[in-house]
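Listed below are the residues making up each chain.
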Amino acid sequence: MGDVLAGFHAAWEFESDSVLIRFERGIRTPKLLQALGERRIPLEAIAGVTLTQGKRGTVVLHIAPRPGADPLMEAAAGQLKETSDPYRLVLPADRETLAEYYADELRALLTGDDTPAEQFLVAPPEAPLHFKAYDAKASFDGKAVSFRWFWTGASSAKWKAGDQSFPVTGLSGVEWRSPEVFEGHLRLVRRDTVGAQPAQPDQDPAAVVFGLGYGPVHESLPFAASVLAAVRAAGPAPAPVPADRRDPADIAERIRHLGELHEAGLVTDEEFSTKKAELLAEL
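Notes on the structure in this doc start here. Here the structure is a predicted model, which is why all the values come from computation and not from measurement. Note that residues are indexed from 1 along each chain, following the sequence as it is written. With the structure being a predicted model, the display of local features is reserved for residues of pLDDT at least 70 and the display and counting of side-chain atom pairs for 80 or more, all residues being used for whole-chain, interface and lining totals. The side-chain numbers reported here are obtained from all heavy atoms of the structure, hydrogens and water having been left aside.

**Some thoughts on the overall build of the chain**
- Runs of H or I in DSSP of at least four residues are treated as helices and runs of E of at least two as strands, each being numbered from the N terminus. Secondary structure summary: the chain contains seven helices and 14 strands in total.
- Taken along its principal axes, the extent of the C-alpha atoms in the chain is 75 × 40 × 30 Å.
- By the burial criterion, 42% of the 283 residues in the chain qualify as buried.
- Excluding contacts between residues fewer than 6 apart, the proportion of contacts in the chain whose partners are at least 24 apart in sequence is 59%. Note on exposure labels: buried denotes an accessible area under 20% of the residue type's maximum, exposed denotes more than 50%, and partly exposed covers the range between, all computed with a 1.4 Å probe on protein chains only. Note on definitions: a residue-residue contact is assigned when non-hydrogen atoms from the two residues lie within 4.5 Å.

Structure below.
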């Protein structure tokens, strides 16, 4: 088709094999949509199209993505507010006829396949990505997720565990809970803990918690989607290999950090001695 249909906060460009969605930048556009910028939705990722009456003299053109086709929607798990749904195009009611025309044209190109996609068909937000949670700075470089704890927000359990780095090859999934719906958090599901009872997010070194303006949807959800896509792309976990001896410099740095926790009163004398001995045994 190649035509463009502009609505409030977004414009859809209809192409022969996809729909290119460009989101406006402005104070009225939801922050998540601004953060996404634009998204290309292949036709094979679309299950259907609807046109319904909206609020206050508007109509809504909506794409229904196939389950499993979009890492952003998989990570969101139904928690997005309607106004932040990237698959909705809101138009003035006087453009209903034009919107119906484009809806019919798009339906004619679809196969009607609503079965779960075997792989992600929509590109995830690109790494590197980072955001500030309440208890840590989370970073993702495309290969590993890192959590660097904040002194003012992290629990003693996380301080004792130390800053964390998780290669995507050691993960099986991501759990994201919106700060707008639940007590929000981002938890990395590790392959070696699948099926185990997870700790509370504020006690789990594989999770960061949101709150008080930290971990907003427009930052934490694209992050979660990017990690989830990388985990899926990594495939099954590789066969284990014999562990090499630890780098002495790394051991020394861990002991130094442990000493700081001990001096701050976050680690007892007994815990300090035990952990120090374990680290020295790795040399």
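We are not done yet, so read on.
**Let's talk about the pairing of strand 8 (residues 129-132)**
- By the alternation rule, side chains of strand 8 split into Leu129 and Phe131, which are all buried, and His130 and Lys132, of which none is buried.
- A pair of strands is labelled paired if DSSP reports no fewer than 2 bridges between them. Both strand 8 and strand 9 (residues 136-140) contribute to a ladder of four bridges, which runs antiparallel. Within the sheet, the bridge partner assigned to histidine 130 lies in strand 9 and is serine 139.
- Between strand 8 and strand 9, which pair antiparallel and follow one another directly, the connecting turn spans three residues.

**Notes on the pattern of salt bridges**
- Here, a salt bridge means any side-chain nitrogen of Lys or Arg that lies within 4 Å of a carboxyl oxygen of Asp or Glu. What the rule picks out here adds up to 12 salt bridges.
- Among the ionic contacts, a cluster of salt bridges with common partners joins Glu13, Arg22 and Glu38.

**Let's talk about the environment of proline 205**
- Structurally, proline 205 can be placed in the loop between strand 13 (185-190) and strand 14 (207-209).
- Considered as a pair, proline 205 and serine 178 are 27 residues apart in the sequence and their alpha carbons are 19 Å apart.

**Quick notes on the sheet that holds strand 8**
- Ordered by their spatial adjacency, four strands build an open sheet running 8-9-10-11, and the pairing between neighbours is antiparallel. Edge positions in the sheet fall to strand 8 and strand 11 (164-167), since each of these pairs with one other strand and no more. Put simply, the sheet's adjacent strands are angled 10° from each other on average, direction ignored.
- Only the stretch in contact is used when fitting a helix axis, every axis being a line fitted to C-alpha atoms; angles between N-to-C directions are given from 0 to 180 degrees. Strand contacts of helix 5 (residues 217-234): strand 8, strand 9 and strand 10 (144-149), with the helix running at about 140° to strand 8, the strand carrying the most contacts.

**Regarding the environment of arginine 107**
- Position of arginine 107 relative to the elements: it lies in helix 3 (residues 96-109).
- A relative accessible area of 32% means that arginine 107 is categorised as partly exposed.
- Sequence spacing of arginine 107 and proline 125 is 18 residues, and the spatial spacing of their C-alpha atoms is 27 Å.

**Section: helix 5**
- Multiplying one less than the number of residues by 1.5 Å gives the expected span of a helix. Its 18 residues place the ends of helix 5 25 Å apart at the C-alpha level, agreeing with the 26 Å of an ideal helix rising 1.5 Å per residue.
- In terms of residue burial, helix 5 counts as a mostly covered element, since 13 of its 18 residues are buried.

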